[in-house]
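# Structural description and commentary
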Amino acid sequence: MLSGSDTGIGHALAKYLDSLGFVVFAGVLNKDGPGAEELRRACSQRLSVLQLDVTNSTQIKEAYLTVSEKVQNAGLWGVVNNAGILGFPADGELLPMSTYRHCMEVNFFGAVEVSKTFLPLLRKSQGRLVNMSSMAGGIPLPRYAAYGASKAALSMFSGVMRQELSKWGIKVMAIHPSGFRTGIEGTAEQWDKQEKELLENLPADTRQAYGEEYLLGLRNYLLHLPSHCAPDLSPVLGAVLHALLARRPQGLYTPGKGAYVPLCIFCCFPLWFYDFF
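This structure is a prediction, so every number in the text was calculated from the model and none was measured.

Within the protein one finds 11 helices and 6 strands. Relative to its length of 277 residues, the protein is compact, with a C-alpha radius of gyration of 19 Å against a globular reference of 19 Å. Residues counted as buried form 48% of the 277 residues belonging to the protein. Long-range contacts, defined as pairs at least 24 residues apart, comprise 72% of the intrachain contacts of the protein with a sequence gap of at least 6. Summing over all exposed atoms, the protein offers an accessible surface of approximately 14,000 Å²; the carbon and sulfur share of this is 57%. In the protein, which carries 25 positive and 24 negative side-chain charges, the distance between the mean positions of the two groups comes to 13 Å.

As structure tokens, then:
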């Protein structure tokens, strides 16, 4: 069972696992949307599309009942918490509290509630819980205070659950991909709305401190973000597959160019050196 299958990594992962013969339960934010329709069209009949907004407790419970009815006593082998949002990338001081709250609701609380709800099925099969965190959840990255904090919370949750659930044979993994082109960047309309909210709520002295040129430059940073991201998602798909199938999966996966090196520098060198780097 995986969440966030409308677009990006979740969408590609649903297709990939289906092509390998898995029975896939693909949770989507909109079961009538183009992503869901594409999954129904392109995948086998083994794949089931589930309406699953991870911030909606009722939908999580309904998804659990649907999956539970289909797997019966066999249990569920894997849950992949993939649903996530980026939020407007900007300095932490500039971001409205709504961005912090929204990131936590989707990226952290949603994943926690899905995990807690589906754990009885994983316990039956001694299965796997895979949490899609981020490079920004393991190291501090400028302009990702809200997103990074929510993913860091998810990574810590994964680590604690890995320790606590091991007595039932359940294995828990966190994935920290580097930059991949996933569609999480959102639409122009979404960004226009968030940018407007950000600029309208700035106190005058904060606006003056940063300067209009810098504030307007945030949009250019956002527009050029996809050009710095890898279009090939296969390293992430391979990491999730290993996490699901390996006899001894790693607790932490860092797929993608540049994901591992900054983490090593952050862990092994003085903080001033990491900040300079």
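Structure shown, so let's carry the discussion forward.
Within this structure, the stated rule accounts for 1 cavity of 30 Å³ or more. Put simply, the largest cavity is a space of about 30 Å³. Forming the walls of the largest cavity are Leu86, Gly87, Phe88, Pro89, Leu95, Thr99, Cys103, Arg143, Tyr144, Ala146 and Tyr147. When residues of the lining of the largest cavity are traced back to their parent elements, those giving at least two are helix H4 (97-125) and helix H5 (145-165). In terms of residue class, the lining of the largest cavity is made up of 8 nonpolar, 2 polar and 1 charged.

Neither face of strand S3 (residues 78-81) is open: one carries Gly78 and Val80, the other Val79 and Asn81, and all of them are buried. Note: S3 against strand S4 (residues 128-132), 4 bridges, orientation parallel. Looking at the pairing, Val80 lines up with Val130 of S4. The β-α-β motif built from S3, the intervening H4 and the parallel element S4 has right-handed crossover chirality.

The next point concerns H4. An ideal rise of 1.5 Å per residue puts 42 Å on 29 residues; H4 measures up with 40 Å between its terminal C-alpha atoms. With its phi angle positive at about 50 degrees, Gln126 sits one or two positions after the end of H4.

Let's shift gears to the layout of surface pockets. Over the atoms rolls a probe the size of a water molecule, and in doing so it shows where empty space is left. Of the voids in this model, the second largest pocket is the one considered here, and its volume is about 190 Å³. As for the second largest pocket, its lining consists of Met1, Leu2, Leu17, Phe22, Val23, Val24, Phe25, Leu76, Trp77, Gly78, Val80 and Leu244. Of the residues assigned to the lining of the second largest pocket, the class counts are 11 nonpolar, 1 polar and no charged.

A separate point is the packing of aromatic side chains. We describe a pair of aromatic rings using the distance from one ring centre to the other and the angle between the two ring planes. Counted by the stated rule, this structure contains 8 aromatic pairs. Judged by centre distance (6.4 Å) and plane angle (85 degrees), the rings of Phe108 and Phe157 are edge-to-face. Of this pair, Phe108 sits in helix H4 while Phe157 sits in helix H5, and the two are 49 residues apart along the sequence. By relative accessible area, Phe108 is classed as buried at 16%.

Calculation rules
- Residues numbered from 1 in each chain as written.
- Predicted model: local features only at pLDDT ≥ 70, side-chain atom pairs only at ≥ 80, totals over all residues.
- Heavy atoms only, no water.
- Helix = DSSP H or I, 4+ residues; strand = E, 2+ residues; numbered from the N terminus.
- Rg over C-alpha atoms; globule rule 2.2 N^0.38 Å.
- Buried < 20%, exposed > 50% of the residue type's maximum accessible area, 1.4 Å probe, protein only.
- Contact = heavy atoms within 4.5 Å.
- Areas by Shrake-Rupley, 256 points an atom, 1.4 Å probe, with all protein chains shown as cover.
- Lys, Arg positive; Asp, Glu negative; His and termini not counted.
- Charge placed at Lys NZ, Arg CZ, Asp CG, Glu CD.
- 1 Å grid on protein atoms, 1.4 Å probe; cavity = no way out; pocket = protein on both sides within 12 Å on 5 of 7 lines; lining within 4 Å.
- Points joined across faces, edges and corners; volume = space filled by probe spheres on them.
- Nonpolar A, V, L, I, M, F, W, Y, C, P; charged D, E, K, R; others polar.
- Pairing = 2+ DSSP bridges.
- Right-handed = clockwise from strand over helix to strand, strands pointing away.
- Expected span 1.5 Å × (residues − 1).
- Phe/Tyr/Trp six-rings, centres within 6.5 Å; stacked < 30°, edge-to-face > 60°.

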